[in-house]
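Here is how the chains run, residue by residue.
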Amino acid sequence: MANSNGHGAGAAMHVHAAPTGFIRKYIFSKDHKVIGLQYFFLALTAVWVGMILSLFMRIHLVWPNLQIPFFGDIKPEGYLTLLTMHGTIMVFFVLTTAPQGGFGNYFLPIQIGAPDMAFPTLNMLSFWTTFLAFVALIAAFFVSGGAPLGGWTAYAPLSAIPLAGPGQGTGMDLWITSIALFCIASLLGALNFITTTLDLRARGMTLMRMPLTCWSWFVTAILGLLAFGVLLAAGVLLLLDRNVGTSFFVPGGLNVSGVVIKHKGGSPLLWQHLFWFFGHPEVYIAILPGMGVTSQVLSTFSRKPIFGYKAMVYAMMGIGILGFVVWGHHMFMSGMSPYSAFAFSFMTMAIGVPSAIKTFNWLGTLWKGKIRFMTPMLFAIGFVSLFVSGGLSGPFLAQPALDIPLHDTFFVVAHFHLIMGVAAIFGIFAATYYWFPKMFGRMMNETLGRIHFFLTFIGTYAIFMPMHYEGLAGRPRRYSSLDVVQFLHPLKPVEFFITLAAILTIAAQFIFLFNLLWSMFKGKKASDNPWEATTLEWTTATPPPHDNFAGKIPVVNNGPYEYGVPGAAKDYIMQTDPAVPVAKH
C-alpha cells in the first residue's frame, strides 16, 4: 500500500515468507528473482531454437539439396515453416521475454527499493502461462501437417482457413493458442510492473530519481497492457473463424484449391489493422528495455551522469505514445488512401525525433567520459551502433513511394533485424554481462566476453548490411531458392557470404553459452558492487537475500547517475548515500 506521496512505505504488506521446499523455492516460486531467472533461461532456450531454425534456412539457401537433421529435404513449404517459427519464437519468446520478463522481474523491485513485485502470485502465474505458450508453439512441429507457414504476422485469410496449406490446420490452431496464452501472461505481467512501479517505491525514490531502466520497464509495461489486449482479441476472433464458422477475417466467395469457402462478409484487412496495432508497439516493447540498460551501462562505465536525464524520460514516453499511431506504415501495400498513407508517413517520421534525442544523449554521455571498456560497455556501444544503423533505413520505408517497391524485399528484413532484433539482443547481452555478478555472485570471464562481443558485432554487420544490397537488387523475402529466378542468380555469392557470416556468428554464441554456464559455478567471486555503480541493487548483498535488503528498506537521497561529482570523496555517490548537492545535468 502506498503512502500519501505514492511511495512504498507499506511495502512490507507485500512480503511473503521465504520458501523452504525445492518445488516452492525453484519451480513454483513467488520470488521475483527466481521468476526473473526462469524467464531468462526460458528466453535462452528459445533463442537457441530460433537461431538453429535460422541456420537451417541459411544452409538451405546456399546448399538446397543438403539433408537437414529432423527436417530432411526442405521443400518450399518447409522453408516457410522455418521462417514462421523463427520469427514467432524470436519476437515473442526472446525479444519480449528476456528484457522485460527476465531482467525487469529481477531488478525492477530492487532498483526501486521494494522487497518484491506487487502481486507475487500473479507474477508466478504469468511465467508459467508464458511457459505453456512456448510448449504449445513447439508442439506445432509434432502435429499432423506440422507447424504453420503463414509468417509471424499470420495474415488472414491464409491463417483463417485450415485448408490453406500444410501446417495451417492443427499447427495453426496451436500457433494461435500459443500467442493467446502469451498475451494473457503479458497482460498479467504488465499490471504487475505498473503497480509495482507506482506503489512500491522506497522512501525518497521519486519518479525522477528512478534509474532509466525502471522507466523503460514501466513504459514497456504500459505499451504491453494496451497492445497485447488487442492481439488477444484478434487471436480469439481468428480461432472463431477457423473453428466456429464466423467470418471476421474471411471474405465471401473465397475459392481455395477448387473449394468455395463457406464464409461471408469478413475483411482480411481487419486482421492487419488489429495485428499491426499490436505489432508496431511490439517493436518498442522489444527495444525500450534495451535503451534503458544501455543508458545505465553507458553512464556507469563512462563515469559520468547520463546526459539529459529528463529528456531521456520524456523521449521514452514520446516513443511509447507515437508507437501507437504509426501502425499503418506496415500497410502501405494494402491499397490505403494516399491521404491516410501520408498521415502515417508523417507520424512515422516524427517518431525519429525522440529516437534521435536518445542517440544524441548517449553520445553526450560518452563525450569526455573516463570510459572503461568492459564487456557490458562494449555491448552497450554496440547497441547504439546497431540502433543507429538500423534506424537509418527506417525513413526510406516510411515513404509510401519507396516502401511499395522495397516492401517484399530483403531490405525490410535487414532493417527490422538490425533495429528490432539484433540491437535488442545486444541490449540483452549488455544486461547479462552487467548484472551477472549480482544475479549469480560471480564474474563472467572478461576475455571470453570481449571475444564474444567482437565476433558477434562484426558478424552481425556482415550478415545484415549485404541484405540491404540484396533488397535494393530486388531479392524477394520469402523465396526458398534463388535457382528458379534468373535475375537472382548474380546474388548467389552474396547469399553464400551472408550464410558464412551467419555460421560464424552463431558459432560465437557458443563462447557466450560456455562463459555463462562456466562462470555460474567457477567464475571469480564478485563483490557487492564490482562496477562501482550507484543504483540500489549494488547496495545489497550479492546475490540479494530473499527480501532483497535483509529487512532494511533503503532510503533514497540521490539521483541514479551521480558520477564524477565535484568535491565528492570518490567518483560516484550511491543513491542511499547522504544527500550531496550536485549541479543539474
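Residues numbered from 1 in each chain as written. Predicted model: local features only at pLDDT ≥ 70, side-chain atom pairs only at ≥ 80, totals over all residues. Heavy atoms only, no water.

Draft legend 1. Examining the overall build of the protein more closely. Along its length, the protein carries 17 helices and two strands. For the protein, the spread of C-alpha atoms along the principal axes amounts to about 80 × 50 × 50 Å. Sorting the 585 residues of the protein into buried and exposed places 59% on the buried side. Considering only contacts in the protein between residues 6 or more positions apart, those separated by 24 or more positions represent 78%. Summed over its atoms, the accessible surface of the protein is roughly 22700 Å², and 72% of this surface lies on carbon and sulfur atoms. Positive and negative charge centroids in the protein, built from 32 and 21 side chains respectively, lie 7 Å apart. (Helix = DSSP H or I, 4+ residues; strand = E, 2+ residues; numbered from the N terminus. Buried < 20%, exposed > 50% of the residue type's maximum accessible area, 1.4 Å probe, protein only. Contact = heavy atoms within 4.5 Å. Areas by Shrake-Rupley, 256 points an atom, 1.4 Å probe, with all protein chains shown as cover. Lys, Arg positive; Asp, Glu negative; His and termini not counted. Charge placed at Lys NZ, Arg CZ, Asp CG, Glu CD.)

Draft legend 2. Spotlight on helix α5 (residues 120-139). Counted at 1.5 Å a residue, the expected span for α5 with its 20 residues is 28 Å, and the 29 Å between its end C-alpha atoms agrees. The secondary structure elements touched by the buried residues of α5 are α2 (32-62), α3 (76-95), α4 (97-112) and α6 (170-199). (Expected span 1.5 Å × (residues − 1).)

Draft legend 3. Focus on the packing of aromatic side chains. Following the criterion strictly, the structure yields 54 aromatic pairs and no others. Each ring, one from Trp 152 and one from Trp 276, has its centre 6.1 Å from the other, and the planes form 90 degrees; the classification is edge-to-face. Here Trp 152 is found in the loop between α5 and α6, whereas its partner Trp 276 is found in helix α8 (residues 268-302), with 124 residues between them in sequence. Residue Trp 152 shares its accessibility class with Trp 276, and that shared class is buried. Positioned above the aromatic ring of Phe 410 is the side chain of Arg 475, whose terminal nitrogen or guanidinium carbon lies 4.1 Å from the ring centre. (Phe/Tyr/Trp six-rings, centres within 6.5 Å; stacked < 30°, edge-to-face > 60°. Lys NZ or Arg CZ within 6 Å of the ring centre and 35° of its normal.)

Draft legend 4. The confidence of the model for the protein, seen in detail. Summing up the model confidence of the protein, the mean pLDDT is 93 and the portion of residues at 70 or higher is 96%. Predicted confidence is poor over residues 1-13, with pLDDT under 50, and the contacts of this stretch with residues over four places away or in other chains come to 23 contacts. (pLDDT = per-residue confidence, 0-100.)

Draft legend 5. Seen up close, a nonpolar patch on the surface. A cluster of nonpolar side chains, Trp 63, Leu 66, Phe 496, Leu 500, Ile 503 and Leu 504, forms an exposed patch at the surface whose accessible area comes to about 550 Å². Positionally, Leu 66 belongs in the loop between α2 and α3. A residue is classified by how much of its surface remains accessible, and Leu 66, at 43% relative accessible area, is partly exposed. (Patch = residues over 30% accessible without salt bridge, like charges linked within 9 Å, V, L, I, M, F, W, Y side chains within 5 Å. Salt bridge = Lys/Arg side-chain N within 4 Å of Asp/Glu carboxyl O.)

Draft legend 6. Representation of the nonpolar core. Ranked by size, the top nonpolar core spans 173 residues in total, and within it Phe 92, Phe 103, Leu 212, Trp 215, Trp 362, Phe 383 and Trp 435 carry the most contacts. With 21 residues, helix α15 (residues 410-440) is the largest single contributor of residues to this core. The contacts of Trp 215, once residues within four sequence positions are left out, are Leu 207, Met 208, Met 210, Tyr 309, Val 313, Met 316 and Met 317. (Core = buried A, V, L, I, M, F, W, Y, C linked by side-chain atoms within 4.5 Å.)

Draft legend 7. Structural view of the side chain of Thr 359. As for its position among the elements, Thr 359 is in helix α11 (residues 352-366). Leave out the neighbours within four places in its chain, and Thr 359 touches Phe 387 and Val 388.

Draft legend 8. Seen up close, helix α16 (residues 446-472). Between its first and last C-alpha atoms α16 spans 40 Å; for 27 residues at 1.5 Å apiece the expected length is 39 Å, and the two agree. For α16, the side-chain oxygen to backbone nitrogen distance between the N-cap and Thr 447 is 3.0 Å, and the N-cap itself is Asn 445. (Polar contact = N/O pair within 3.5 Å; in protein donor to acceptor, adjacent residues only side chain to side chain.)

Draft legend 9. Quick peek at unusual backbone geometry. Residue Pro 157 is reached from Ala 156 by a cis peptide bond, and omega for that bond is 5 degrees. The residue Pro 157 is located in the loop between α5 and α6 in this model. Cis geometry marks the peptide bond from Thr 542 to Pro 543; its omega dihedral reads -15 degrees. Inspection of the secondary structure assignment puts Pro 543 in the segment after α17 (492-522). Positive phi, close to 55 degrees, is recorded for Glu 532, a residue that is not glycine. Phi is positive for Ala 550, close to 55 degrees, though the residue is something other than glycine. With respect to the element layout, Ala 550 can be found in the segment after α17.

Draft legend 10. Here's a closer look at the pattern of salt bridges. Here the structure, examined in full by the defined rule, presents 10 salt bridges. For Lys 75, the salt bridge is made with Asp 73, and the minimal N-O distance between the two is 3.2 Å. A relative accessible area of 47% means that Lys 75 is categorised as partly exposed. Judged by its relative accessible area of 34%, Asp 73 is partly exposed. A salt bridge links Glu 446 to Arg 450, with the nearest nitrogen and oxygen atoms 3.1 Å apart. Placement of both Glu 446 and Arg 450 in helix α16 is noted, with a separation of four residues, approximately one turn of the helix. Taken together, the shared-partner salt bridges connect Arg 58, Arg 475 and Glu 495 into one network.

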